[in-house]
Amino acid sequence: MSPASYLRGLKPDWLRDPKVWRTEVLGGLVVALALIPEAISFSIIAGVDPAVGLFASFTMAVVISVVGGRRAMISAATGAVALVIAPLNREHGFGYLVAAVILAGVFQVVLGVLGVAKLLRFIPRSVMVGFVNSLAILVFMAQIPEMRNVPWAVYPLVIGGLVLMVFFPKVTTVVPAPLVSIVILTVITVGAAIAVPTVGDKGELPSSLPVPGLPDVPFTLDTLTTIAPYAFAMALVGLMESLMTAKLVDDITDTRSDKTRESVGQGIANIVTGFFGGMGGCAMIGQTMINVKVSGARTRLSTFLAGAFLMVLCIVFGPIVSDIPMAALVAVMIMVCFATFDWHSIAPKTLRRMPAGEITVMVITVVAVVASHNLAVGVVIGSVTAMVIFAKRVAHLAEVTAVTDPDGTSVVYRVTGELFFASSNDLVGQFDYAGDPGRVVIDLSAAHIWDASTVAALDAIETKYAQRGKTVEITGLNTPSADLHARLTGELSGH
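Since this is a predicted model, take the numbers as computed values, not measurements.

1. Some remarks on the overall build of the protein
At step 1: Within the protein one finds 21 helices and 6 strands.
At step 2: The principal-axis extent of the C-alpha atoms belonging to the protein is close to 100 × 65 × 60 Å.
At step 3: Evaluated residue by residue, the protein yields a buried proportion of 51% over its 495 residues.
At step 4: Put simply, 84% of the contacts in the protein that link residues at least 6 apart link residues at least 24 apart.
At step 5: Of the roughly 22,800 Å² of accessible surface on the protein, 65% is carried by carbon and sulfur atoms.

Quick look at the structure:
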């Protein structure tokens, strides 16, 4: 390979392919436009000035584009984080909020280094489907207030925006349909002087870049104990949403991402955001879907430009951006909802074939998220439900069959299945202690011992036989089961 070819291979895709570059730039622009009203809305939820949410979205996107582990994923100010830290801001003031954001970032870095991302593999697919569907529902619900008590012209504008986004890609995909929709609807409303709610009605856009500084709080132990619970809650919620979103993008793009790097990157981004006076954030599933699924972006450039364009739009083109009708952005978000929702998961054909437990987990996850407006709560409740259903299902797979020797001097009990706390609790009652002969063999060659509860159950069985002068021999243990049994047998009784 020639040096020139080698150097070309080191270039990122967006530098080697003009088409990729165009997709990334336009994708970042669409995301930036959609970020503005959402960032302002989340600022209102947190009880801070709109500029705080916009600054957070700018710094989160720019920093995570460099240090994050999932390319093309968008991180910015989010509603989940706003809900967590709003009480702190309300009770103690803005300085404490900023300090909590910085501490949350530190927590995320530590959790990332400790390998919290590995816990993602314990989240079942049914919970992931529930997460995606509930997110689509929440995003749609967030658009409903924008269509209440508004001028009648809002409704045809929303419908027109949806029509444009459905049919424009059939003409060309060179320019993202959402961007075309936003531009055309803005030209129509401004040109015809149609009075409808605009981005400017949401709040005043910032006129200068954020300036770094320390949070205005006393640096004491009392301050630390005040902000620590909020910071830890924010760290957990932010990581959960970010890692779930990263996994979703992995599935959509058929690529893998570094979840540990993403965890640490989220922490670094929040630390930087805190020092710039932002409200903190995490990955945004809605904006990520706009970038990845609607616009087709795949590189870090789109993430960086989403943040950069956000500030340029606010500072340089503030008056123009303020004239964008909210109806245009509502149409974009509704389109995102339909693209995000897993319609296959609720198709009658799928529901007929899917096990009842899987459907239950998915429904519980959706209900929990929609009821709490917190994706993390739904994921935790859904995962716990899935584990309970799994444990109950596996517990019934443990069976005991007995075969007595023709001479009547011994009996062999063959145990099959997974032995853990849920299945081994019934194990003790499966033996005929009084009627069995003097020698009892328990064959575990078709079973596996998973926990101390099973070892304790086997000890109890041996004790009951010993009380009747009978001997017990346990055979067929595989290596892990034998090691666990040898280590714990005789050590678990408190008497």
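After that view, the rundown keeps rolling.
2. A short note on the packing of helix α3 (residues 18-46) against helix α15 (residues 326-340)
At step 1: Between α3 and α15, the least distance of the axes is 10 Å, while the angle of their chain directions is 105°. Classified by the angle their axes make, α3 and α15 are roughly perpendicular. Taken together, the residues of α15 that come into contact with α3 (itself represented by L33, A34, P37 and E38) are M326, L329 and M333.
At step 2: Here the contact of α3 with α15 is built from residues that sort into 6 nonpolar, no polar and 1 charged.

3. Examining the side chain of S424
At step 1: Among the secondary structure elements, S424 is positioned in helix α19 (residues 421-424).
At step 2: Judged by relative accessible area, which is 1%, S424 ranks as buried.
At step 3: A polar contact of 2.7 Å, which involves the side chain of S424, links it to the backbone oxygen of F420.
At step 4: Dropping the residues within four chain positions of it, S424 is found in contact with S453, T454 and A457.

4. Some thoughts on helix α12 (residues 285-294)
At step 1: With 8 of its 10 residues buried, α12 lies for the most part within the structure.
At step 2: All buried positions along α12 are accounted for by I285, G286, Q287, T288, M289, I290, N291 and V292.
At step 3: Residues of α12 that are buried make contact with α3, α7 (125-143), α10 (221-253), β2 (282-283), α13 (300-315) and α15.
At step 4: G296 sits one or two residues past α12 and shows a positive phi near 85°.

5. Description of the packing of aromatic side chains
At step 1: Under the criterion given, the structure shown has 8 aromatic pairs.
At step 2: Here the aromatic rings of F420 and F421 are separated by 5.1 Å at their centres, their planes lie at 85°, and the arrangement is edge-to-face.
At step 3: For F420, a relative accessible area of 11% translates into the label buried.
At step 4: Taken together, Y413, F431, Y433 and Y465 form an aromatic cluster joined through their ring pairs.
At step 5: Residue placement shows K464 over the ring face of Y433; its charged tip is 5.9 Å from the ring centre.

6. Here's the deal with the sheet that holds strand β4 (residues 410-419)
At step 1: The 4 strands are arranged β3-β4-β5-β6 in an open sheet whose pairing can be described as mixed. Across the chains shown, the open sheet's two edge strands, defined by having one partner strand only, are β3 (399-404) and β6 (471-475). Each strand axis lies, on average, 20° off the axis of its neighbour in the sheet, ignoring direction.
At step 2: Relative to β6, strand β5 (residues 439-449) is paired through 5 bridges, and the arrangement is parallel. Bridging across to β6, V441 finds its partner in E473.
At step 3: Along the sheet, helix α21 (residues 479-488) contacts β5 and β6; its crossing angle with β5, the most-contacted strand, is approximately 120°.

7. Details of the packing of helix α8 (residues 154-171) against α15
At step 1: In the contact formed by α8 and α15, the axes pass within 8 Å of each other and the chain directions differ by 50°. On the basis of their axis angle, the class for α8 and α15 is oblique. Relative to α15, α8 is oriented so that their crossing is right-handed. In this structure, α8 uses V154, L157, V158, G161, L162, M165 and V166 to contact α15, whose residues at the interface are A327, V330, A331, V332, I334 and M335.
At step 2: Across the contact of α8 with α15, the residue classes break down as 12 nonpolar, 1 polar and no charged.

The rules we used
- Residues numbered from 1 in each chain as written.
- Predicted model: local features only at pLDDT ≥ 70, side-chain atom pairs only at ≥ 80, totals over all residues.
- Heavy atoms only, no water.
- Helix = DSSP H or I, 4+ residues; strand = E, 2+ residues; numbered from the N terminus.
- Buried < 20%, exposed > 50% of the residue type's maximum accessible area, 1.4 Å probe, protein only.
- Contact = heavy atoms within 4.5 Å.
- Areas by Shrake-Rupley, 256 points an atom, 1.4 Å probe, with all protein chains shown as cover.
- Axes fitted to C-alpha atoms, helices over the stretch in contact; angles between N-to-C directions.
- Parallel < 35°, antiparallel > 145°, perpendicular 65-115°, else oblique.
- Nonpolar A, V, L, I, M, F, W, Y, C, P; charged D, E, K, R; others polar.
- Polar contact = N/O pair within 3.5 Å; in protein donor to acceptor, adjacent residues only side chain to side chain.
- Phe/Tyr/Trp six-rings, centres within 6.5 Å; stacked < 30°, edge-to-face > 60°.
- Lys NZ or Arg CZ within 6 Å of the ring centre and 35° of its normal.
- Pairing = 2+ DSSP bridges.
- Left-handed = near helix turned anticlockwise from the far one by under 90°.

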